[in-house]
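Listed below are the residues making up each chain.
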Amino acid sequence: MESLKVQDFKTFMELQAIQQFTNGNITNNDSSRSIFQHMLSELVSGDALEDTSQTFGSLLTNVETETKSFLQSGSLKSNPIAAAYTNNESSETGTNYDQIISQAASLYNLPEKLIKSVIKQESNFNPEATSYAGATGLMQLMPATARSLGVDDPSDPEQNIMGGSKYLSQMMARYDGDIKVVLAAYNAGPGNVDKYNGIPPFRETRNYVQKVYGTFSS
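Notes on the structure follow.

1. A short note on the packing of aromatic side chains
This structure, assessed with the given rule, holds 3 aromatic pairs. Ring centres 5.6 Å apart and planes at 85° place the aromatic pair Tyr 196 and Phe 202 in the edge-to-face group. When its relative accessible area of 36% is taken as the criterion, Tyr 196 is described as partly exposed. Against the face of Tyr 213 rests Lys 180, its NZ or CZ located 4.9 Å from the ring centre.

2. Observations regarding helix H11 (residues 203–217)
Taking 1.5 Å as the rise per residue, H11 with 15 residues should run 21 Å; its terminal C-alpha atoms sit 21 Å apart, in good agreement. Those residues of H11 that fall on the buried side of the exposure criterion are Thr 205, Tyr 208, Val 209, Val 212 and Phe 216. Take H11 and look down its axis: the buried residues cluster within an arc of 95°, on one side only. Facing away from the buried surface of H11 by more than 90 degrees, the exposed residues are Arg 203 and Gln 210. In the core, the buried residues of H11 are packed alongside helix H6 (112–123) and helix H9 (179–188).

3. Let's talk about unusual backbone geometry
One non-glycine residue, Asn 109, lies in positive phi territory at about 55°. A positive phi angle, close to 50°, is found at Gln 140, a residue other than glycine. Examined against the element boundaries, Gln 140 turns out to sit in the loop between H6 and helix H7 (143–148).

Rules of the game
Residues numbered from 1 in each chain as written. Predicted model: local features only at pLDDT ≥ 70, side-chain atom pairs only at ≥ 80, totals over all residues. Heavy atoms only, no water. Phe/Tyr/Trp six-rings, centres within 6.5 Å; stacked < 30°, edge-to-face > 60°. Buried < 20%, exposed > 50% of the residue type's maximum accessible area, 1.4 Å probe, protein only. Lys NZ or Arg CZ within 6 Å of the ring centre and 35° of its normal. Helix = DSSP H or I, 4+ residues; strand = E, 2+ residues; numbered from the N terminus. Expected span 1.5 Å × (residues − 1). Arc of directions from axis to C-beta. Contact = heavy atoms within 4.5 Å.

Put into structure tokens, the structure is as follows:
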């Protein structure tokens, strides 16, 4: 019984920490302090009181409900610790490939932001990303396209970015620098762009163009 009470006490403290981080404050300050004192007193005295277990169960339900609501709201970035981790992750993915992107942009006469916008949409800067169709790497190159661009290893970030940028450059030349049409060709293939004489009426492609162009022009 004593070990159970110690575990309950530890669990209570952990739940308090969770609630602190998810809400930014503790909504039941008075009751939480009272329960804390009650449980601490029991641990010292060795008494096991039924009402404490019931109160602890109530607090557990409250914290679980608030945490679930918080997670479902998609407000993770409001958590300073999570936000710091997220920002660090974004910073790493954004800077790890800056030099390669800069070289590719210079070599193929492309805006750096266009390359980054495509990478962001295609893989979110994950060099190990693989699509259900078999596209690979940062710029999601299909095997046949990768081979035609001279890319031996699409999972290699440098080869992938250089290959994807070369393909963007080819589409830019083919469609007179019309970035929206170029993005459509990158997503749906130039054959479909030519067939429909512009952006194909595919929902996926239209959404893709809107998202990537929105990032590029922001």
